[in-house]
Amino acid sequence: MNDLGAALRAWRDRLPPSAVGLAHSSPRRAPGLRREELAVLAGISIEYVVRIEQGRAATPSAQVCLALARALQLSDEEQAHLMRLAGHVADPARVPRLIPGSVHRIMDQLVGHPLSVYDATWQLLHWNPLFAATFGDPSALSADARNMLLCQFEGGPSRVRVTRAERSAYEESLVADLRATTSRYPDDPELTALVARLTRSARFRELWALGTVAAHQSGHKVVEHPEVGAVALDSDTLTTQDSNLRVVVYTPRPGTDARSKLDLLAAIGTQRLAPLAADGDSGGPAHV
């Protein structure tokens, strides 16, 4: 057993089955989770859990490590330790894209609201089912189409209705936010390539030349949903301190019927909904 295997065994032993909703069905040699229980919770095979704990597995992927961290209910510090033990050392020169366990726990408590998580380049990393039901399922989109900046300046699908003035203010805010990101991660090659690609847009070049630096924080949206009609939402962007992830939470605008419409969308999900389609009058994505 190597350090990674020993750490996983210790974390597994300390987590009682009751903490993850499992009943004590039979006597246990140890109070914590069994290997097969951890495998089910993490969505990986028990054979792979055994190989990791015995030090016989190749370096587990970041996705496997994150799944194990969530299943074991690790703290952010413990998750970071797990990633380091598995050989996934964070590079301070690169835009962070791993979502800490604390953010996942916050998201789990906000299932009644559309919610999405972006990195500092506005690349969509995670969304909850109500976000997909409201805005359209991002899993059907390419990676480029999940980047808010590329969608906005290259023309992407959207259900959001905005005025010309709202679109202008939104674009100014996004570009100012990106300017701040370039100073935080000046050596990230993907960020450099993104800015170079965006400069093909005359509107982006115009805003970029202003040199404005500011954080994108909040906004108001009207989603034109194909089945429930207009849904008026307020959006608030929460930025994590160390990783600069953007957690965008959408709440129903007071004085509207948005809450009842979100409840309906939560019930029907995406299965009965029309596919996400471009709206020529929407003025661009403007999700956040």
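Before reading further, recall that the structure is shown in the block above.
First, a word on what this report is: a plain description of the structure on this page. (Residues numbered from 1 in each chain as written. Predicted model: local features only at pLDDT ≥ 70, side-chain atom pairs only at ≥ 80, totals over all residues. Heavy atoms only, no water.)

1. Thoughts on the overall build of the protein
Regarding its fold elements, the protein presents twelve helices and six strands. Seen along its three principal axes, the alpha-carbon backbone of the protein occupies a region of about 65 × 45 × 30 Å. In the protein, which comprises 288 residues, the proportion classed as buried is 46%. Of the contacts made within the protein by residues no fewer than 6 positions apart, 61% connect residues no fewer than 24 positions apart. Of the accessible surface of the protein, which amounts to about 14,100 Å², a share of 53% is contributed by carbon and sulfur atoms. (Helix = DSSP H or I, 4+ residues; strand = E, 2+ residues; numbered from the N terminus. Buried < 20%, exposed > 50% of the residue type's maximum accessible area, 1.4 Å probe, protein only. Contact = heavy atoms within 4.5 Å. Areas by Shrake-Rupley, 256 points an atom, 1.4 Å probe, with all protein chains shown as cover.)

2. Points about the sheet that holds strand S5 (residues 229-239)
The antiparallel open sheet is built from six strands, whose spatial order is S2-S1-S6-S5-S4-S3. Each edge of the open sheet is held by one strand with a lone partner, namely strand S2 (124-127) and strand S3 (160-161). Note: strand S1 (residues 115-118) against S2, three bridges, orientation antiparallel. Across the sheet, the residue bridging to Val117 is His126, located in S2. Relative to S5, helix H12 (residues 258-268) is tilted by about 90°, and along the sheet it contacts strand S4 (218-225), S5 and strand S6 (246-252). (Pairing = 2+ DSSP bridges. Axes fitted to C-alpha atoms, helices over the stretch in contact; angles between N-to-C directions.)

3. Considering the environment of Val175
Residue placement: Val175 occurs in helix H9 (residues 164-184). The spacing of Val175 and Thr212 is 37 residues in sequence and 7.9 Å in space, taken between C-alpha atoms. In this structure, Val175 is in contact with Phe153, Phe204, Leu207 and Trp208, ignoring residues within four places of it in sequence.

4. Looking at the side chain of Glu78
In this structure, Glu78 sits in helix H5 (residues 76-85). Of the polar contacts made by the side chain of Glu78, one reaches the backbone nitrogen of Ser75; its length is 2.9 Å. (Polar contact = N/O pair within 3.5 Å; in protein donor to acceptor, adjacent residues only side chain to side chain.)

5. Some remarks on the side chain of Ser158
Tracing the backbone through its elements, the reader meets Ser158 in the loop between helix H8 (148-154) and S3. With relative accessibility at 1%, the residue Ser158 sits in the buried group. At a separation of 2.9 Å, a polar atom in the side chain of Ser158 contacts the main-chain amide nitrogen of Val160.

6. Some remarks on the packing of aromatic side chains
Aromatic rings considered in pairs are described by the distance between their centres and by the relative angle of their planes. Per the stated rule, a full pass over the model turns up six aromatic pairs. Ring geometry for Tyr118 and Trp122: centres 5.2 Å apart, planes at 55°, overall tilted. Judged by its relative accessible area of 1%, Tyr118 falls in the buried class. Over the ring of Trp208 we find Arg179, and its NZ or CZ is 3.8 Å from the ring centre. (Phe/Tyr/Trp six-rings, centres within 6.5 Å; stacked < 30°, edge-to-face > 60°. Lys NZ or Arg CZ within 6 Å of the ring centre and 35° of its normal.)

7. A short note on the environment of Leu72
Counting through the fold element by element, Leu72 comes out in the loop between helix H4 (62-71) and H5. Assessed through its relative accessible area of 1%, Leu72 is described here as buried. In this structure, Leu72 is in contact with Leu8, Trp11, Arg12, Leu15 and Leu38, ignoring residues within four places of it in sequence.

8. Some remarks on helix H3 (residues 46-53)
Every buried residue of H3 is accounted for by Tyr48, Val49, Val50, Ile52 and Glu53. Its buried side turned inward, H3 meets helix H1 (3-14), helix H2 (35-42) and H4.

9. Points about the pairing of S6
Consecutive side chains of a regular strand alternate in pointing toward one face of the sheet and then the other. Among the seven residues that make up S6, six are buried, leaving the element largely enclosed by the rest of the structure. By the bridge criterion, four bridges tie S1 to S6 in an arrangement that is antiparallel. Bridge pairing links Val117 to Val247 in S6. Summarising the sheet, S5 and S6 pair through seven bridges and their orientation is antiparallel. Looking at the pairing, Leu238 lines up with Val247 of S6. Counting the residues in the hairpin turn of S5 and S6 gives six residues, including Asn244, whose phi is positive at 55°.

10. Focus: the pattern of salt bridges
Close approach of charged atoms lets side chains of opposite charge pair. For the structure shown, the criterion picks out 19 salt bridges. Residue Glu190 pairs with Arg94 through a salt bridge whose shortest N-O separation is 3.2 Å. Taken together, the positions of Glu190 in helix H10 (residues 189-198) and Arg94 in the loop between H5 and helix H6 (101-108) put the pair 96 residues apart, joining distant regions of the chain. Note on Arg94: relative accessible area 30%, which makes it partly exposed. Ionic pairing is found between Arg203 and Glu206, a salt bridge with its closest N-O pair at 3.2 Å. Pair noted here: Arg203 and Glu206 are both in helix H11 (residues 202-208), with a separation of three residues, about one helical turn. The class of Arg203 is partly exposed, set by a relative accessible area of 23%. (Salt bridge = Lys/Arg side-chain N within 4 Å of Asp/Glu carboxyl O.)

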